[in-house]
Structure formats: C-alpha cells, structure tokens
Amino acid sequence: MKIYGRNATEINDQHLDNSYNEWAENKQFVVADDIASGENRRAMADRLRSMITRQELRLNPKYVPSYVLPDCINYYFTGNHPDMFFMEDDDRRMFVHEVLSGKLTQKFYDTYDLWYKSPAGVAALFHHLLTLDLTDFNPHAEAMKTASREAMVEDMRSDLSSWTKQVRADPDKFLGKNTGDLWTATELLARYDPMHEKRITVATMGREMKKARMVRPLQPILATKNHGLVRVAILRNTAHWLNGGAPAMAEHYDKHRSDPDV
C-alpha cells in the first residue's frame, strides 16, 4: 500500500456488502482486511468473481449519479477463518495461501515495524518487485492451485456435495461393484438418504451430480423395457457409454436394476 500510495486503500467485508463503492475510485490496489465467514458467502463469491475479472467499474457514490471507469484494481484479502470464501473445484480466480509459521518473536516485529515505515524499506521492496523475474508467469492463466485452496474448497462443501464427489471418484466403494454403470438422481438419493431423514429432494441431488461433474450420455433419457423413461448419469466406463447407443444403455440399465443389491 505504501508503494501504491493514494492509489491504494484498505476495506473490510462491510464495504464489499455495501452498494456504495466510492472507496474504489482511482484505486489500483485494495486490501480487504480480516474478511469474516458469513451466511452470504455464496453471494459474495459471485460478486468477487466479477470484481476480479471485469474490465470496467461502475462507481456508485452517495448523492451522485453512478458512472463508469476502467477497472485497474488488484485485490488482496486476509482473514482468520478457513471458510472465509466460498469456492468450487473449478474456480480459477482465487490463489489461496495459508500462513502456518505461527507467532514470531517480538524482536522480529520491532525490526519489521521500523523497516516497513521507513522510506528506504519501501524503496527496497519496490526495487525488488520491479526487478523480480516473472518470465514464467502468465497473468491470463488460472490461479495456481495450492493445498490451502483445496482445504478451503473442502471446508465449504456440504455433506451431500462431499458424498457425490466421493461417489464419482470411487463408485465401487459407495455403490457396490456389480451395480451397473448408469444411475439416476433418485437412485443416488436413496443410497445417500435411505431413511428419508435429510429432506433432500431429487432435484437437489441432480444439481449436486452436475456439480460433481457426473457425466451425462449424449442421450441421457433412456426408454427402458422394465422401468420406463429414466434420466441417467454415467458413473463407470465413461468413454464406452459416451459412444454407446441408447438401446444398449437401456438394456444395461434394465439388467442391473433387476439386481437386488441395487
């Protein structure tokens, strides 16, 4: 922030939630400090995705008509909560780093305080950043995935979301080995909640199957002989069934749904 000077500012999560964003005017670097986890994390995540990649910024100050400027802001977020951001497996915008070193000595903090407040310290850091070799860095690529990021994604998953992803990764373990390759949302829901205790609908299960990247065949609705029309996802032998015809898939489904283990 000292390097950027007046083109930098510090905000908190209340600023991110507020429709008035005069803090963003003429800024290139924004520190969002101590972001807290909350009930609206999914909505905030949607806003952040737009904020990180948008080309233009619509400013909405109080008592002034809104207007548009080029968006040149780089964001740095800090927080103490492992679930501060809602992210999904395919999120490409967030780089997450967890500080694991623990508390340092008071001597370090005293020395650091003098360094970062001094003009020489700021100048040295600026020189280091200007001369840093960034040959291999691609600013248009997706953010590097780290163990910290994967842990945050996992912390934000619901029990149902974790279950569907595990089923996709290892269907034999969760569904049995001889239960067929094609499954419906209704059948997976019966496996997940056999006693109907969790109040999860078939539609919810269907959405989680999509989020878990369970593959749909080119003709997902099969006209089966014994079960009528069924909409299926492929849990095993994906390459085979993507090229397989609907009659063969319907026959396979009927065969395995007569199995009492299913």
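One structure accompanies this document, and this report is about it. Keep in mind that what you see is a predicted model, and the values were worked out from it rather than measured.

## Observations concerning the packing of aromatic side chains
- Using the criterion set out here, one finds eight aromatic pairs in the structure.
- When the centroid spacing of 5.1 Å and the interplanar angle of 80° are considered together, the rings of Phe 77 and Phe 85 count as edge-to-face.
- Relative to Trp 115, the ring of Tyr 112 lies with its centre 5.8 Å away and its plane at 35°, an arrangement referred to as tilted. One end of the pair is Tyr 112 and the other is Trp 115, both in helix α3 (residues 106-117) and three residues apart, which spans about a single turn.
- Judged by relative accessible area, Tyr 112 falls into the partly exposed class, the value being 40%.
- Relative accessible area serves as the criterion here: at 36%, Trp 115 is assigned to the partly exposed category.
- Linked through ring pairs, Phe 108, Tyr 109, Tyr 112, Trp 115 and Tyr 116 together constitute an aromatic cluster.
- Over the face of the ring belonging to Tyr 192 we find Lys 198, whose NZ or CZ atom lies 4.2 Å from the ring centre.
- The ring of Trp 183 carries Arg 257 above its face, with NZ or CZ at 4.5 Å from the centroid.

## Regarding the environment of Met 144
- With respect to the secondary-structure elements, Met 144 resides in the loop between α4 (119-131) and α5 (147-156).
- Judged by its relative accessible area of 54%, Met 144 falls in the exposed class.
- Considered as a pair, Met 144 and Met 94 are 50 residues apart in the sequence and their alpha carbons are 8.1 Å apart.
- Beyond its immediate stretch of four places on either side in the chain, Met 144 contacts Met 94 and Phe 95.

## Overview of the sheet that holds strand β5 (residues 74-77)
- If you walk across this open sheet you meet the three strands as β1-β2-β5, and the pairing is parallel. Of all strands in the sheet, those with a lone pairing partner are β1 (8-11) and β5, marking the two edges. Here the strands of the sheet are splayed against their neighbours by 20° on average, with no regard to which way each runs.
- Where β1 and strand β2 (residues 29-32) come together, four bridges link them in parallel fashion. Along β2, the bridge assignment pairs Ala 8 with Phe 29.

## Observations concerning the nonpolar core
- Residues Leu 16, Trp 23, Ile 35, Leu 48, Tyr 75, Phe 77 and Phe 85 are the most contacted members of the largest nonpolar core, which totals 22 residues.
- Counting only elements with at least two residues in this core, the list comes to β2, α2 (41-53), β3 (56-59), β5 and α5.
- In terms of residue count, the dominant contributor to this core is α2 (three residues).
- Residues within four places of Tyr 75 in sequence aside, it is in contact with Trp 23, Val 30, Met 51 and Arg 54.
- Judged by nonpolar contacts, the second largest core, of 15 residues, contains Leu 175, Tyr 192, Met 209 and Met 214.

## Some points on the packing of helix α6 (residues 159-169) against helix α9 (residues 202-211)
- One can describe the packing of α6 onto α9 by two numbers: an axis separation of 9 Å at closest approach and a directional angle of 55°. As summarised for this structure, α6 and α9 are arranged oblique, according to the angle between their axes. When the axes of α6 and α9 are compared, the crossing they make is right-handed. For the pair formed by α6 and α9, the contact residues are Leu 160, Ser 161, Trp 163, Thr 164 and Lys 165 on the first element and Thr 204, Met 205, Glu 208 and Lys 211 on the second.
- When grouped by side-chain class, the residues that make up the contact of α6 with α9 number three nonpolar, three polar and three charged.

## As for the layout of surface pockets
- Quantified by volume, the second largest pocket comes out at close to 300 Å³.
- Lining the second largest pocket are 17 residues, with Glu 88, Asp 89, Ser 161, Lys 165 and Lys 211 sitting closest to its centre.
- In terms of residue count, the dominant contributor to the lining of the second largest pocket is α6 (three residues).
- A class-by-class count of the residues in the lining of the second largest pocket yields five nonpolar, two polar and 10 charged.

## Quick notes on α9
- For α9, the full list of buried residues reads Met 205, Gly 206, Glu 208 and Met 209. Down the axis of α9, the sector holding all buried residues measures 165°, keeping them to one side.
- Where α9 is buried, its residues meet α6, β6 (182-183), α8 (185-192) and β9 (233-234).
- Backbone geometry just downstream of α9 places Arg 213 in the positive-phi region, at approximately 65°.

Analysis parameters
Residues numbered from 1 in each chain as written. Predicted model: local features only at pLDDT ≥ 70, side-chain atom pairs only at ≥ 80, totals over all residues. Heavy atoms only, no water. Phe/Tyr/Trp six-rings, centres within 6.5 Å; stacked < 30°, edge-to-face > 60°. Helix = DSSP H or I, 4+ residues; strand = E, 2+ residues; numbered from the N terminus. Buried < 20%, exposed > 50% of the residue type's maximum accessible area, 1.4 Å probe, protein only. Lys NZ or Arg CZ within 6 Å of the ring centre and 35° of its normal. Contact = heavy atoms within 4.5 Å. Pairing = 2+ DSSP bridges. Axes fitted to C-alpha atoms, helices over the stretch in contact; angles between N-to-C directions. Core = buried A, V, L, I, M, F, W, Y, C linked by side-chain atoms within 4.5 Å. Parallel < 35°, antiparallel > 145°, perpendicular 65-115°, else oblique. Left-handed = near helix turned anticlockwise from the far one by under 90°. Nonpolar A, V, L, I, M, F, W, Y, C, P; charged D, E, K, R; others polar. 1 Å grid on protein atoms, 1.4 Å probe; cavity = no way out; pocket = protein on both sides within 12 Å on 5 of 7 lines; lining within 4 Å. Points joined across faces, edges and corners; volume = space filled by probe spheres on them. Arc of directions from axis to C-beta.

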